[in-house]
Amino acid sequence: MRSRGHRSSGSTLWPERKSSVTDNFVKIITGDGFVRGFALNSTEIVERARQIHSTAPVVTAALGRTLTATSMMGTMLKDENCAITVQIKGDGPIGSILCVSDFSGNVRGYAANPLVDLPLNGLGKLDVAGGVGRSGFLNIIKDLGLREPYVGQVPIVSGEIAEDITHYFAVSEQVPTVTALGVLVDRDYSVKAAGGYILQLMPNADESAIEKLERAVAKVKPVSTLIDEGKTPAEILRALLCEFDVEILEQSYKEYRCNCSRERIERALISLGREELLKLAQEQQSIEVSCQFCERKYQVPADELRHFAGL
Ligand SMILES: [Zn+2]
(Lines give C-alpha, C1' and ligand atoms only; values in the text may rest on other atoms or scores of the structure.)
Protein backbone atom coordinates (compact mmCIF):
# COMPACT_ATOMS: atom_id res chain seq x y z
CA MET A 1 0.00 0.00 0.00
CA ARG A 2 1.19 3.48 -0.71
CA SER A 3 -0.56 6.71 0.12
CA ARG A 4 -0.80 9.52 -2.41
CA GLY A 5 0.14 7.48 -5.48
CA HIS A 6 1.69 9.52 -8.23
CA ARG A 7 1.30 7.57 -11.42
CA SER A 8 -1.92 7.84 -13.33
CA SER A 9 -3.49 4.56 -14.30
CA GLY A 10 -6.49 2.49 -13.42
CA SER A 11 -8.80 -0.17 -14.61
CA THR A 12 -9.37 1.55 -17.95
CA LEU A 13 -5.90 0.45 -18.99
CA TRP A 14 -6.72 -3.19 -18.57
CA PRO A 15 -7.40 -4.83 -21.89
CA GLU A 16 -10.16 -7.30 -22.47
CA ARG A 17 -8.92 -10.83 -22.08
CA LYS A 18 -8.03 -12.28 -25.46
CA SER A 19 -10.48 -14.99 -26.29
CA SER A 20 -7.91 -16.99 -28.28
CA VAL A 21 -6.21 -18.28 -25.11
CA THR A 22 -8.20 -20.64 -22.95
CA ASP A 23 -5.52 -22.64 -21.14
CA ASN A 24 -2.16 -21.02 -20.52
CA PHE A 25 -0.93 -23.36 -17.78
CA VAL A 26 -0.20 -27.06 -17.58
CA LYS A 27 0.92 -29.33 -14.76
CA ILE A 28 2.22 -32.80 -15.53
CA ILE A 29 3.85 -35.83 -13.99
CA THR A 30 5.89 -38.40 -15.85
CA GLY A 31 4.50 -41.94 -16.10
CA ASP A 32 7.33 -43.28 -13.90
CA GLY A 33 6.53 -40.64 -11.26
CA PHE A 34 10.11 -39.31 -11.35
CA VAL A 35 9.50 -35.78 -12.64
CA ARG A 36 6.78 -33.23 -12.16
CA GLY A 37 6.51 -30.25 -14.44
CA PHE A 38 4.76 -26.89 -14.63
CA ALA A 39 4.62 -24.62 -17.68
CA LEU A 40 2.94 -21.28 -18.17
CA ASN A 41 2.39 -18.97 -21.12
CA SER A 42 2.40 -15.72 -19.16
CA THR A 43 2.25 -13.31 -22.11
CA GLU A 44 -1.07 -11.79 -21.05
CA ILE A 45 -0.10 -11.67 -17.36
CA VAL A 46 3.15 -9.85 -18.05
CA GLU A 47 1.55 -7.46 -20.56
CA ARG A 48 -1.08 -6.59 -17.98
CA ALA A 49 1.62 -5.91 -15.38
CA ARG A 50 3.45 -3.71 -17.90
CA GLN A 51 0.30 -1.68 -18.57
CA ILE A 52 -0.52 -1.25 -14.89
CA HIS A 53 2.98 -0.23 -13.85
CA SER A 54 4.23 1.39 -17.11
CA THR A 55 7.42 -0.65 -16.82
CA ALA A 56 10.47 0.02 -18.99
CA PRO A 57 11.65 -3.07 -20.98
CA VAL A 58 14.27 -4.40 -18.57
CA VAL A 59 11.78 -4.10 -15.69
CA THR A 60 9.06 -5.75 -17.81
CA ALA A 61 11.47 -8.68 -18.23
CA ALA A 62 12.56 -8.86 -14.58
CA LEU A 63 9.05 -8.45 -13.15
CA GLY A 64 7.63 -10.74 -15.86
CA ARG A 65 10.05 -13.55 -15.06
CA THR A 66 9.26 -13.22 -11.35
CA LEU A 67 5.49 -13.18 -11.96
CA THR A 68 5.83 -16.30 -14.13
CA ALA A 69 7.78 -18.21 -11.48
CA THR A 70 5.50 -17.05 -8.68
CA SER A 71 2.36 -18.18 -10.49
CA MET A 72 3.78 -21.67 -11.02
CA MET A 73 4.98 -21.82 -7.40
CA GLY A 74 1.47 -20.82 -6.31
CA THR A 75 0.09 -23.94 -7.96
CA MET A 76 2.45 -26.03 -5.78
CA LEU A 77 0.64 -24.86 -2.61
CA LYS A 78 -1.44 -27.45 -0.83
CA ASP A 79 -4.78 -25.76 -0.23
CA GLU A 80 -6.89 -22.80 -1.15
CA ASN A 81 -6.13 -20.65 1.90
CA CYS A 82 -2.44 -20.59 1.06
CA ALA A 83 -0.50 -17.86 -0.74
CA ILE A 84 3.11 -17.40 -1.73
CA THR A 85 5.18 -14.24 -1.94
CA VAL A 86 8.40 -14.11 -3.93
CA GLN A 87 10.57 -11.11 -3.16
CA ILE A 88 13.79 -10.38 -4.97
CA LYS A 89 15.85 -7.83 -3.09
CA GLY A 90 18.86 -7.18 -5.23
CA ASP A 91 21.34 -4.32 -5.14
CA GLY A 92 20.57 -3.22 -8.73
CA PRO A 93 18.66 -0.12 -9.86
CA ILE A 94 15.25 -1.90 -10.14
CA GLY A 95 15.22 -2.34 -6.38
CA SER A 96 12.91 -4.85 -4.78
CA ILE A 97 10.55 -6.96 -6.91
CA LEU A 98 7.59 -8.45 -5.08
CA CYS A 99 5.07 -10.92 -6.49
CA VAL A 100 2.23 -12.79 -4.80
CA SER A 101 0.32 -15.79 -6.06
CA ASP A 102 -2.74 -17.48 -4.66
CA PHE A 103 -3.19 -21.24 -4.58
CA SER A 104 -4.70 -21.18 -8.08
CA GLY A 105 -1.67 -19.47 -9.61
CA ASN A 106 -3.36 -16.13 -10.19
CA VAL A 107 -0.65 -13.61 -9.59
CA ARG A 108 0.13 -9.93 -8.98
CA GLY A 109 3.31 -7.98 -8.45
CA TYR A 110 5.33 -4.81 -8.72
CA ALA A 111 8.88 -3.53 -8.93
CA ALA A 112 10.14 -0.67 -6.76
CA ASN A 113 11.56 1.29 -9.71
CA PRO A 114 9.51 0.51 -12.82
CA LEU A 115 11.16 3.07 -15.11
CA VAL A 116 14.77 1.83 -14.95
CA ASP A 117 16.37 1.92 -18.37
CA LEU A 118 19.61 0.04 -19.04
CA PRO A 119 21.65 -0.66 -22.17
CA LEU A 120 21.44 -4.22 -23.56
CA ASN A 121 23.96 -6.66 -22.09
CA GLY A 122 26.94 -8.17 -23.92
CA LEU A 123 24.67 -10.75 -25.57
CA GLY A 124 22.38 -8.05 -26.97
CA LYS A 125 19.64 -8.98 -24.49
CA LEU A 126 17.75 -7.05 -21.84
CA ASP A 127 20.13 -6.83 -18.90
CA VAL A 128 17.91 -8.38 -16.22
CA ALA A 129 20.84 -9.27 -13.94
CA GLY A 130 22.16 -5.72 -14.25
CA GLY A 131 18.76 -4.35 -13.27
CA VAL A 132 18.12 -6.76 -10.41
CA GLY A 133 21.70 -6.77 -9.16
CA ARG A 134 24.03 -9.72 -8.68
CA SER A 135 23.89 -9.73 -4.93
CA GLY A 136 21.11 -9.52 -2.42
CA PHE A 137 18.45 -11.99 -1.35
CA LEU A 138 15.58 -14.01 -2.69
CA ASN A 139 12.88 -14.35 -0.05
CA ILE A 140 10.05 -16.85 -0.29
CA ILE A 141 7.18 -16.36 2.13
CA LYS A 142 4.49 -19.02 2.20
CA ASP A 143 1.33 -18.18 4.04
CA LEU A 144 0.03 -21.64 4.84
CA GLY A 145 -2.90 -20.48 6.91
CA LEU A 146 -0.91 -21.05 10.12
CA ARG A 147 -0.01 -18.46 12.71
CA GLU A 148 3.54 -18.05 11.41
CA PRO A 149 4.31 -18.04 7.69
CA TYR A 150 7.12 -20.18 6.26
CA VAL A 151 10.03 -17.94 5.30
CA GLY A 152 12.91 -19.12 3.13
CA GLN A 153 15.84 -16.95 2.17
CA VAL A 154 18.72 -17.59 -0.20
CA PRO A 155 21.33 -15.23 -1.60
CA ILE A 156 20.89 -14.10 -5.19
CA VAL A 157 23.24 -16.18 -7.33
CA SER A 158 22.84 -14.60 -10.78
CA GLY A 159 20.11 -11.96 -10.79
CA GLU A 160 18.67 -13.59 -13.93
CA ILE A 161 15.88 -14.98 -11.69
CA ALA A 162 15.49 -18.50 -13.14
CA GLU A 163 18.85 -19.58 -11.69
CA ASP A 164 17.90 -17.92 -8.42
CA ILE A 165 14.64 -19.86 -8.21
CA THR A 166 16.49 -23.12 -9.02
CA HIS A 167 19.01 -22.31 -6.30
CA TYR A 168 16.20 -21.65 -3.81
CA PHE A 169 14.62 -25.05 -4.48
CA ALA A 170 18.00 -26.81 -4.18
CA VAL A 171 19.06 -25.10 -0.95
CA SER A 172 15.82 -24.43 0.93
CA GLU A 173 13.60 -27.29 -0.20
CA GLN A 174 16.26 -29.83 -1.30
CA VAL A 175 14.44 -30.40 -4.58
CA PRO A 176 16.57 -30.70 -7.72
CA THR A 177 14.88 -28.33 -10.15
CA VAL A 178 15.25 -26.97 -13.64
CA THR A 179 13.74 -23.51 -14.13
CA ALA A 180 13.41 -21.53 -17.35
CA LEU A 181 11.80 -18.10 -17.54
CA GLY A 182 11.68 -15.69 -20.44
CA VAL A 183 10.08 -12.45 -21.61
CA LEU A 184 10.33 -11.09 -25.15
CA VAL A 185 9.65 -7.37 -25.34
CA ASP A 186 8.45 -6.05 -28.70
CA ARG A 187 9.67 -2.91 -30.49
CA ASP A 188 6.72 -0.93 -29.15
CA TYR A 189 7.67 -2.15 -25.64
CA SER A 190 4.61 -4.38 -25.34
CA VAL A 191 5.11 -8.02 -24.35
CA LYS A 192 5.52 -10.20 -27.42
CA ALA A 193 5.85 -13.49 -25.57
CA ALA A 194 6.46 -14.56 -22.00
CA GLY A 195 6.49 -17.84 -20.15
CA GLY A 196 8.41 -20.42 -18.27
CA TYR A 197 8.62 -23.91 -16.93
CA ILE A 198 9.72 -25.62 -13.75
CA LEU A 199 10.72 -29.28 -13.76
CA GLN A 200 11.36 -31.07 -10.49
CA LEU A 201 12.71 -34.44 -9.52
CA MET A 202 10.47 -36.35 -7.18
CA PRO A 203 12.09 -37.92 -4.08
CA ASN A 204 11.91 -41.43 -5.55
CA ALA A 205 13.61 -40.41 -8.80
CA ASP A 206 16.40 -42.27 -10.40
CA GLU A 207 19.66 -40.27 -10.32
CA SER A 208 20.00 -40.34 -14.07
CA ALA A 209 16.71 -38.49 -14.45
CA ILE A 210 18.18 -35.05 -13.68
CA GLU A 211 20.92 -35.59 -16.25
CA LYS A 212 18.30 -36.59 -18.80
CA LEU A 213 16.45 -33.39 -17.97
CA GLU A 214 19.51 -31.19 -18.20
CA ARG A 215 20.38 -32.71 -21.59
CA ALA A 216 16.85 -32.05 -22.82
CA VAL A 217 16.83 -28.45 -21.54
CA ALA A 218 20.20 -27.73 -23.17
CA LYS A 219 18.76 -28.82 -26.53
CA VAL A 220 15.57 -26.77 -26.55
CA LYS A 221 15.25 -23.13 -27.58
CA PRO A 222 14.69 -20.39 -25.00
CA VAL A 223 11.19 -20.66 -23.54
CA SER A 224 10.13 -17.19 -24.75
CA THR A 225 11.09 -18.21 -28.31
CA LEU A 226 9.00 -21.39 -28.05
CA ILE A 227 6.02 -19.37 -26.86
CA ASP A 228 6.56 -16.78 -29.58
CA GLU A 229 6.49 -19.64 -32.10
CA GLY A 230 3.06 -20.61 -30.81
CA LYS A 231 3.97 -23.69 -28.78
CA THR A 232 1.52 -24.40 -25.97
CA PRO A 233 2.74 -25.12 -22.42
CA ALA A 234 1.81 -28.79 -22.91
CA GLU A 235 3.78 -28.98 -26.16
CA ILE A 236 6.79 -27.40 -24.48
CA LEU A 237 6.78 -29.95 -21.64
CA ARG A 238 6.20 -32.86 -24.02
CA ALA A 239 9.19 -31.72 -26.09
CA LEU A 240 11.36 -31.41 -22.97
CA LEU A 241 10.24 -34.75 -21.59
CA CYS A 242 10.33 -36.66 -24.87
CA GLU A 243 12.20 -39.50 -23.16
CA PHE A 244 9.37 -39.90 -20.62
CA ASP A 245 5.65 -40.70 -20.74
CA VAL A 246 3.79 -37.55 -19.77
CA GLU A 247 0.52 -37.48 -17.89
CA ILE A 248 -1.34 -34.16 -17.74
CA LEU A 249 -2.66 -33.40 -14.24
CA GLU A 250 -4.10 -29.93 -14.83
CA GLN A 251 -4.72 -27.52 -17.67
CA SER A 252 -6.12 -24.13 -16.75
CA TYR A 253 -6.04 -20.39 -17.19
CA LYS A 254 -3.98 -18.12 -14.92
CA GLU A 255 -4.30 -14.36 -14.88
CA TYR A 256 -3.00 -11.17 -13.32
CA ARG A 257 -5.38 -10.69 -10.44
CA CYS A 258 -5.40 -8.25 -7.55
CA ASN A 259 -7.68 -8.89 -4.62
CA CYS A 260 -7.48 -5.45 -3.04
CA SER A 261 -10.67 -3.99 -1.61
CA ARG A 262 -11.76 -1.06 0.48
CA GLU A 263 -11.81 -3.39 3.49
CA ARG A 264 -8.16 -4.42 2.98
CA ILE A 265 -7.11 -0.80 2.57
CA GLU A 266 -8.96 0.05 5.79
CA ARG A 267 -7.24 -2.79 7.65
CA ALA A 268 -3.86 -1.55 6.43
CA LEU A 269 -4.68 1.99 7.54
CA ILE A 270 -5.78 0.79 10.97
CA SER A 271 -2.46 -1.04 11.33
CA LEU A 272 -0.68 2.35 11.10
CA GLY A 273 -1.84 3.03 14.64
CA ARG A 274 -3.80 5.76 16.32
CA GLU A 275 -1.15 8.46 16.32
CA GLU A 276 -0.29 8.19 12.65
CA LEU A 277 -3.99 8.13 11.67
CA LEU A 278 -4.71 11.30 13.65
CA LYS A 279 -1.69 12.99 12.10
CA LEU A 280 -2.95 12.12 8.60
CA ALA A 281 -6.47 13.32 9.47
CA GLN A 282 -5.12 16.63 10.68
CA GLU A 283 -3.01 17.22 7.60
CA GLN A 284 -5.64 16.71 4.93
CA GLN A 285 -9.37 16.66 4.12
CA SER A 286 -8.93 13.20 2.70
CA ILE A 287 -6.07 10.94 1.68
CA GLU A 288 -5.64 8.91 -1.45
CA VAL A 289 -4.31 5.40 -1.06
CA SER A 290 -3.26 3.48 -4.14
CA CYS A 291 -2.82 -0.26 -4.32
CA GLN A 292 0.75 -1.14 -5.24
CA PHE A 293 -0.34 -4.17 -7.23
CA CYS A 294 -3.04 -2.69 -9.45
CA GLU A 295 -2.76 1.09 -8.90
CA ARG A 296 -6.44 1.28 -8.01
CA LYS A 297 -7.04 4.37 -5.91
CA TYR A 298 -9.06 4.66 -2.71
CA GLN A 299 -10.13 7.98 -1.20
CA VAL A 300 -10.35 8.01 2.57
CA PRO A 301 -11.84 11.15 4.18
CA ALA A 302 -10.34 12.56 7.37
CA ASP A 303 -13.40 11.76 9.50
CA GLU A 304 -13.04 8.09 8.53
CA LEU A 305 -9.39 8.22 9.57
CA ARG A 306 -10.49 9.63 12.92
CA HIS A 307 -13.06 6.85 13.16
CA PHE A 308 -10.30 4.23 12.57
CA ALA A 309 -8.25 5.95 15.26
CA GLY A 310 -11.12 5.25 17.63
CA LEU A 311 -12.43 8.81 17.87
ZN1 LIG B 1 -5.11 -3.81 -6.07
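Placed above this text is the structure.
Please read all numbers here as calculations on a predicted model, not as lab measurements.

(A) A look at the state of the cysteines. Within the structure shown, the criterion is met by zero disulfides. With no disulfide of its own, C99 has C258 as its nearest cysteine by sulfur position, at a separation of 12 Å. Among the residues examined, C99 registers a relative accessible area of 0% and is labelled buried.

(B) Structural view of the sheet that holds strand β6 (residues 107-111). Overall, antiparallel pairing links the five strands, which are arranged β6-β5-β4-β7-β8 in an open sheet. The sheet terminates laterally at β6 and β8 (150-155), the two strands that pair on one side only. Put simply, the sheet's adjacent strands are angled 10° from each other on average, direction ignored. One ladder, built from eight bridges, connects strand β4 (residues 83-90) with strand β7 (residues 136-143); its direction is antiparallel. Among the inter-strand pairings, I88 is bridged to a residue of β7, identified as L138.

(C) The arrangement of the coordination of the zinc ion in detail. Each protein donor to the zinc ion is listed here as C258 (SG), C260 (SG), C291 (SG) and C294 (SG); together their distances run 2.3 Å. Geometry at the zinc ion is tetrahedral, judged from the four donor atoms that bind it and their angles of 103 to 118° at the metal. Donor residues for the zinc ion, ordered by position in the chain, follow C-x1-C-x30-C-x2-C. Of this pair, C260 sits in the loop between β11 (246-252) and α8 (262-270) while C291 is found in the loop between β12 (286-290) and β13 (297-301), placing the two residues 31 residues apart along the sequence. We classify C260 as buried; its relative accessible area is 14%. We classify C291 as buried; its relative accessible area is 5%.

(D) Main features of the pattern of salt bridges. Applying the stated rule across the entire model yields twelve salt bridges. The salt bridge involving K221 is made with E229; its shortest N-O contact spans 2.8 Å. What makes K221 partly exposed here is its relative accessible area of 42%. Looking at E229, the relative accessible area reads 39%, which means it is partly exposed. For R267, the salt bridge is made with E263, and the minimal N-O distance between the two is 3.6 Å. Here E263 and R267 lie together in helix α8, a separation of four residues that amounts to about one turn. Residues joined by salt bridges that share partners form a network here, namely K221, E229 and K231.

(E) Just the nonpolar core, in detail. Core analysis: the biggest nonpolar cluster contains 66 residues, and M73, I97, L269 and L305 have the highest contact counts within it. The element that contributes the greatest number of residues to this core is helix α2 (residues 57-74), accounting for nine residues. Each of domain 1 (18-252) and domain 2 (262-308) accounts for three or more of the residues forming this core. Grouped together as the second largest cluster of nonpolar side chains are 25 residues, A39, V223, L226 and L241 included.

Definitions and cut-offs
Residues numbered from 1 in each chain as written. Predicted model: local features only at pLDDT ≥ 70, side-chain atom pairs only at ≥ 80, totals over all residues. Heavy atoms only, no water. Disulfide = S-S within 2.5 Å. Buried < 20%, exposed > 50% of the residue type's maximum accessible area, 1.4 Å probe, protein only. Pairing = 2+ DSSP bridges. Helix = DSSP H or I, 4+ residues; strand = E, 2+ residues; numbered from the N terminus. Axes fitted to C-alpha atoms, helices over the stretch in contact; angles between N-to-C directions. Donors = N, O, S within 2.8 Å, 3.2 Å for Na, K, Ca; no water. Tetrahedral: all angles 85-135°; square planar, octahedral: opposite > 155°, others 65-115°. Salt bridge = Lys/Arg side-chain N within 4 Å of Asp/Glu carboxyl O. Core = buried A, V, L, I, M, F, W, Y, C linked by side-chain atoms within 4.5 Å. Domains from an automatic or database assignment.

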